[in-house]
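Architecture and fold: a report
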Amino acid sequence: MKSVRPKKNLGQHFLEDLTIARRIADTVDACPDIPVLEIGPGMGVMTQYLYPKDREFKCVEIDRESVAYLQEAYPKLRGNIIDGDFLRMDLNEVFGGKQFVLTGNYPYDISSQIFFKMLDNKDLIPCCTGMIQREVALRIAASPGNKTYGILSVLIQAWYNTEYLFTVDENVFNPPPKVKSAVIRMTRNQRTDLGCDWALFKRIVKATFNQRRKMLRVSLKQIVSTADAFATSPVDLTKRPEQLTHEEFVTLTNYIGTLL
């Protein structure tokens, strides 16, 4: 059977270490009994350990060559391979509106977009695991005050408990990426209400971290430009965004909301 050629334009780096593939596949066991959706199975190195699990399984692959390979190599998967783009999918249609675990060896160049889509569908996805660029994994799991703490940290940690599980070296991939990878797990917390307007919360987080070296009172002027608007702010606006906790961003959002 002919192997699939990794395609640079799709950001494909095929994992070749079966021990690591099994370890990543087993991260979904933390959220048992619900279906699993794998993004970008490639040649099925993780898939071979995912689909035998006693739960409903589907995978989505944008590369037609990989789809053809999977259908031939894993005939039991036929009917459960989605030929398409995850970022364009209606996730309610994947398992008939049922919750599911999201996992995969995610393409580096779209991993952030995948997680933003996860947030948009957070009630459908109680658990997300998988492998990404180590730098992004550190960012997701970072705490306030850490230089890697940023937009993904705040937005994801608002709804998910994050775990940095382990680091993966470059030499276990074909072709080897130029950076290290890491495996993470994000599990929905018990929060059902953020306590503020989610859309405004996202706007504020993005606006402040896009100018992360500036004090909050400076970066927030692109949202509220009224003179002396911040005089009674309950949050210290001489701080920079990486110094704020999630709760302080909620407080800030509610305050900004009164000024708009």
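Residues numbered from 1 in each chain as written. Predicted model: local features only at pLDDT ≥ 70, side-chain atom pairs only at ≥ 80, totals over all residues. Heavy atoms only, no water.

**Some thoughts on the overall build of the chain**
Within the chain, the regular secondary structure consists of 9 helices and 9 strands. The C-alpha atoms of the chain give 20 Å as radius of gyration, which agrees with the globular expectation for 260 residues (18 Å, within 12%). Projected onto the principal axes, the alpha-carbon positions of the chain cover approximately 70 × 40 × 30 Å. The proportion of buried residues among the 260 residues of the chain is 51%. When contacts within the chain are restricted to residue pairs at least 6 apart in sequence, long-range pairs at least 24 apart make up 68% of them. With an accessible surface of roughly 12,600 Å², the chain has 46% of that area assigned to carbon and sulfur atoms. Here the chain holds 34 positive side-chain charges and 30 negative ones, and the gap between their average locations is 5 Å. (Helix = DSSP H or I, 4+ residues; strand = E, 2+ residues; numbered from the N terminus. Rg over C-alpha atoms; globule rule 2.2 N^0.38 Å. Buried < 20%, exposed > 50% of the residue type's maximum accessible area, 1.4 Å probe, protein only. Contact = heavy atoms within 4.5 Å. Areas by Shrake-Rupley, 256 points an atom, 1.4 Å probe, with all protein chains shown as cover. Lys, Arg positive; Asp, Glu negative; His and termini not counted. Charge placed at Lys NZ, Arg CZ, Asp CG, Glu CD.)

**Focus on the packing of helix α7 (residues 198-209) against helix α9 (residues 246-259)**
Running from N to C, α7 and α9 cross one another at 110 degrees; their axes reach a closest spacing of 9 Å. Considered as vectors, α7 and α9 are oriented roughly perpendicular to each other. Taking contact as the criterion, the partners of Leu200, Phe201, Ile204, Val205, Thr208 and Phe209 in α7 are, on α9, His246, Phe249, Val250, Leu252, Thr253, Ile256 and Gly257. Taken together, the residues of the contact of α7 with α9 sort by class into 9 nonpolar, 4 polar and no charged. (Axes fitted to C-alpha atoms, helices over the stretch in contact; angles between N-to-C directions. Parallel < 35°, antiparallel > 145°, perpendicular 65-115°, else oblique. Nonpolar A, V, L, I, M, F, W, Y, C, P; charged D, E, K, R; others polar.)

**Thoughts on the pattern of salt bridges**
If the charged atoms of two oppositely charged side chains come close together, the side chains can form a pair. Applying the stated criterion across every chain, the model contains 13 salt bridges. Ionic pairing is found between Lys53 and Asp26, a salt bridge with its closest N-O pair at 2.9 Å. Within this pair, whereas Lys53 is found in the loop between α2 (47-50) and β3 (57-61), its partner Asp26 is found in the loop between α1 (18-25) and β2 (36-39), the two being separated by 27 residues in sequence. On the accessibility criterion, Lys53 (16% relative accessible area) is buried. (Salt bridge = Lys/Arg side-chain N within 4 Å of Asp/Glu carboxyl O.)

**Examining the pairing of strand β5 (residues 101-104)**
Residues of β5 alternate between two faces, with Val101 and Thr103 on one and Leu102 and Gly104 on the opposite face, all of them buried. As defined by bridge partners, β2 adjoins β5 across 4 bridges and the pair is classed as parallel. For Ile39, the partnering residue across the bridge sits in β5 and is Gly104. Relative to strand β6 (residues 127-133), β5 is paired through 2 bridges, and the arrangement is parallel. Considered in β6, the bridge of Leu102 is made with Cys128. Following the backbone out of β5, through helix α4 (residues 111-120) and into the adjacent parallel β6, one traces a crossover that is right-handed. (Pairing = 2+ DSSP bridges. Right-handed = clockwise from strand over helix to strand, strands pointing away.)

**Description of the pairing of β2**
Of the two faces of β2, the one holding Val36 and Glu38 and the one holding Leu37 and Ile39 are both buried throughout. Looking at chain direction, β2 and β3 are connected through 4 bridges and run parallel. Note on β3: the bridge partner recorded for Glu38 is Cys59.

**Here's the deal with the environment of Lys117**
Its place among the elements puts Lys117 in helix α4. Considered as a pair, Lys117 and Phe86 are 31 residues apart in the sequence and their alpha carbons are 9.2 Å apart. What Lys117 contacts, discounting residues up to four positions off in sequence, is Phe86, Leu87, Arg88, Met89 and Leu91. Among the polar contacts made by the side chain of Lys117, one reaches the main-chain carbonyl oxygen of Met89 at a distance of 2.4 Å. (Polar contact = N/O pair within 3.5 Å; in protein donor to acceptor, adjacent residues only side chain to side chain.)

**Regarding the nonpolar core**
One finds Leu102, Phe115, Phe201 and Ile256 to be the most contacted residues of the largest nonpolar core, which totals 58 residues. Mapped onto this core, the elements with two or more residues apiece are β2, α4, β6, α5 (134-141), α6 (151-157), β9 (181-188), α7 and α9. Per-element accounting of this core gives the leading share, 7 residues, to α7. Sequence-distant contacts of Phe201, that is, excluding residues within four places in its chain, are made with Val154, Leu155, Leu194, Cys196, His246, Phe249, Val250 and Thr253. Core analysis: the next-biggest nonpolar cluster, separate from the first, contains 28 residues, Ala21, Ile24, Leu77 and Ile81 among them. (Core = buried A, V, L, I, M, F, W, Y, C linked by side-chain atoms within 4.5 Å.)

**Focus on the packing of aromatic side chains**
For the structure shown, the criterion picks out 8 aromatic pairs. Between Tyr106 and Phe115, the ring centres sit 5.6 Å apart and the planes meet at 80 degrees, which makes this aromatic pair edge-to-face. Each member of the pair, Tyr106 as well as Phe115, is classed as buried. Put simply, the rings of Tyr149, Trp159, Trp198, Phe201, Phe209 and Phe249 touch in pairs and so form one group of aromatic residues. Positioned above the aromatic ring of Phe166 is the side chain of Arg23, whose terminal nitrogen or guanidinium carbon lies 3.7 Å from the ring centre. Stacked on the ring of Trp159, the Lys or Arg Lys122 has its end atom at 4.6 Å from the ring centre. (Phe/Tyr/Trp six-rings, centres within 6.5 Å; stacked < 30°, edge-to-face > 60°. Lys NZ or Arg CZ within 6 Å of the ring centre and 35° of its normal.)

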